[in-house]
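# Report on the structure
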Amino acid sequence: MELVCPAGTPAALRAAVDAGAHTVYCGFADETNARNFPGLNFSREELAEGVAYAHARGAKVLVAINTFPRAGDQVLWHRAVRDAADLDADAVILADLGLIAHAAEAHPGLRLHLSVQAAAANPDAINFYAEAFGIRRVVLPRVLSVEEITAINREIDVETEVFVFGGLCVMAEGRCSLSSYATGLSPNMNGVCSPASHVAYADVAGNHEARLGDFLIHRTPKGMPVPYPTLCKGCFTSPDGKGDSQTGHIFEDPVSLDATRLIPALQKAGVSALKIEGRQRSRAYVAQVVRAFRAAVEAADQGGPMPEGLLARLTEGQAATTGAYAKTWR
């Protein structure tokens, strides 16, 4: 399986390639990608150099253009697609339907991947994108079990890519658009999450209330777990270990996704590529994670056991979960 690794900077790109990444994904330093933060991302010159570095070592480069263009201001996004094609990127990762249509028409030779932000989580949706626009690969949302991924792959003819390590985002991808409505800033529109400065807390009539912008997000009775004040997370019920169930906010604890041990099952499910999250991480982090997963992918190819414990120090809170791949929560 192809190992797709993050690069938030040119140094991280080189580190990922040198550590054994088959493919690296990155973005331009503007609103066209969903990790639009100071100090991250690539100028056109840096991307050209990164593509040359990767190609000289047998690796590929994907360019994430995975935000949604503003109405009447699509030029920036169209330019990003054009420049990615001109700079010899191996594919672009797109989410917006109109931008996908533009890329397919204006750049017919450019390989198109469907971003996780498009939230295509069933065969009908994926086949639509493939038939209408020639999408070659879909990045599946992090809400599917291995069994569900297997069922999807039986009914589609495009490649599937799944997340195996990094930040755990259990949601219908693309729901961040609601944050844009509430605050004017979101990953889908500007490449930044809802800022903490927009959050306000208050005790009202015996309840804790959290507001995002002008909107009431949660009202929680005192003594109950208080959820994170965003529009993209929900409350999940999970066994408490005593045979009972309780409502909590289990995906807000410091924990990382680590699906290393599921790589053989994902391979059997027909997954083509394994994606590591982390364009905001250091090059040292990227190098260590890539080396560990390259070893795991090679072990899977040889039918050997999965290496364990290599990444424990790099997980949030030194804790890991397989998330939705093996659902124990609802």
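Structure's up top.
I will try to describe carefully the structure that is included in this document.

Criteria and cut-off values
- Residues numbered from 1 in each chain as written.
- Predicted model: local features only at pLDDT ≥ 70, side-chain atom pairs only at ≥ 80, totals over all residues.
- Heavy atoms only, no water.
- Helix = DSSP H or I, 4+ residues; strand = E, 2+ residues; numbered from the N terminus.
- Buried < 20%, exposed > 50% of the residue type's maximum accessible area, 1.4 Å probe, protein only.
- Contact = heavy atoms within 4.5 Å.
- Areas by Shrake-Rupley, 256 points an atom, 1.4 Å probe, with all protein chains shown as cover.
- Axes fitted to C-alpha atoms, helices over the stretch in contact; angles between N-to-C directions.
- Parallel < 35°, antiparallel > 145°, perpendicular 65-115°, else oblique.
- Nonpolar A, V, L, I, M, F, W, Y, C, P; charged D, E, K, R; others polar.
- Salt bridge = Lys/Arg side-chain N within 4 Å of Asp/Glu carboxyl O.
- Polar contact = N/O pair within 3.5 Å; in protein donor to acceptor, adjacent residues only side chain to side chain.
- Pairing = 2+ DSSP bridges.
- Right-handed = clockwise from strand over helix to strand, strands pointing away.
- Core = buried A, V, L, I, M, F, W, Y, C linked by side-chain atoms within 4.5 Å.

### So, the overall build of the chain
Scanning the chain from N- to C-terminus turns up nine helices and 15 strands. Out of the 330 residues in the chain, the part that is buried amounts to 52%. A sequence separation of at least 24 residues applies to 62% of the contacts in the chain between residues at least 6 apart. Roughly 14,800 Å² of accessible area belongs to the chain as shown, and the carbon and sulfur atoms make up 50% of that amount.

### A closer look at the packing of helix α1 (residues 10-19) against helix α2 (residues 44-56)
Look at α1 against α2: their axes get within 10 Å of each other, and the N-to-C directions meet at 10°. Comparing the axis directions of α1 and α2 gives the class roughly parallel. Of the residues in α2, those touching α1 at Pro10, Leu13, Arg14, Val17 and Asp18 are Glu46, Gly50, Tyr53 and Ala54. Partitioning the contact of α1 with α2 into residue classes produces five nonpolar, one polar and three charged.

### Section: the pattern of salt bridges
Applying the stated criterion across every chain yields a total of 13 salt bridges. In this structure, the salt-bridge partner of Glu31 is Arg70, at a minimum N-O distance of 2.6 Å. Note that Glu31 is positioned in the loop between β2 (23-26) and α2 and Arg70 in the loop between β3 (60-65) and α3 (75-86), a separation of 39 residues in sequence. Judged by its relative accessible area of 22%, Glu31 is partly exposed. Judged by relative accessible area, which is 27%, Arg70 ranks as partly exposed. Taken together, the shared-partner salt bridges in this structure form one network comprising Glu2, Arg111, Arg137, Glu159, Glu161 and Lys275.

### Remarks on helix α5 (residues 123-133)
Within the sequence span of α5, burial applies to Pro123, Ile126, Asn127, Tyr129 and Phe133. In this structure, the buried residues of α5 make contact with α4 (97-106), β5 (112-114), β6 (137-139) and α6 (146-154). You can read the cap of α5 off the contacts: a side-chain oxygen lies 3.1 Å from the backbone nitrogen of Asp124, and it is on Asn122. Immediately downstream of α5, the backbone of Gly134 shows phi near 75°, a positive value.

### Describing the pairing of β3
In terms of burial, β3 is a largely internal element, five of the six residues being buried. In this sheet, β3 lies alongside β2 in parallel orientation, the contact comprising four bridges. Bridging across to β3, Thr23 finds its partner in Lys60. Read as a crossover between parallel neighbours, the route from β2 over α2 to β3 is right-handed. Sheet topology note: the β3/strand β4 (residues 91-94) ladder contains four bridges and is parallel. If you follow Val63 over to β4, its bridge partner there is Val92. Once you follow β3 into α3 and on to β4, the crossover reads as right-handed.

### Things to note about unusual backbone geometry
Leaving glycine aside, a negative phi is the common case for residues, and trans is the common case for peptide bonds. Backbone geometry places Asp88, a non-glycine residue, at a positive phi of 70°. Along the chain, Asp88 turns up in the loop between α3 and β4. Backbone geometry places Ala205, a non-glycine residue, at a positive phi of 50°. Secondary-structure assignment places Ala205 in the loop between β8 (199-204) and β9 (207-212). Take Ala205: its relative accessible area is 78%, and that puts it in the exposed class.

### Let's talk about the nonpolar core
Soluble globular proteins: nonpolar side chains tend toward being buried together. If you look at the biggest cluster of nonpolar residues, it comprises 79 residues, and the most contacted ones within it are Ile65, Leu266 and Leu274. With 11 residues, helix α9 (residues 283-301) is the single largest residue contributor to this core. Apart from the residues lying within four places of it in its own chain, the contact partners of Leu274 are Met1, Glu2, Leu3, Val4, Val162, Val164, Ile263, Leu266 and Val297. Formed by seven residues, the second largest nonpolar core is a distinct cluster that contains Val4, Ala64, Ala91 and Ala273.

### A word on the environment of Asp73
With respect to the helices and strands, Asp73 occurs in the loop between β3 and α3. Separated by 2.5 Å, the side chains of Asp73 and Arg70 make a polar contact.

### Some details on the side chain of Arg44
When you line up the elements, Arg44 lands in helix α2. A polar side-chain atom of Arg44 sits 3.5 Å from a polar atom in the side chain of Asp30. For Arg44, the contacting residues outside a window of four places in its chain are Phe28, Asp30, Arg79, Ala80, Asp83 and Leu87.

### Structural notes on α1
Where burial is concerned, most of α1 is hidden: seven out of the 10 residues are buried. Looking only at α1, the buried set comprises Pro10, Ala12, Leu13, Ala15, Ala16, Val17 and Ala19. Residues of α1 that are buried make contact with β1 (2-6), β2, α2 and α9. A positive backbone phi angle near 115° is found at Gly20, which sits one or two residues after α1.

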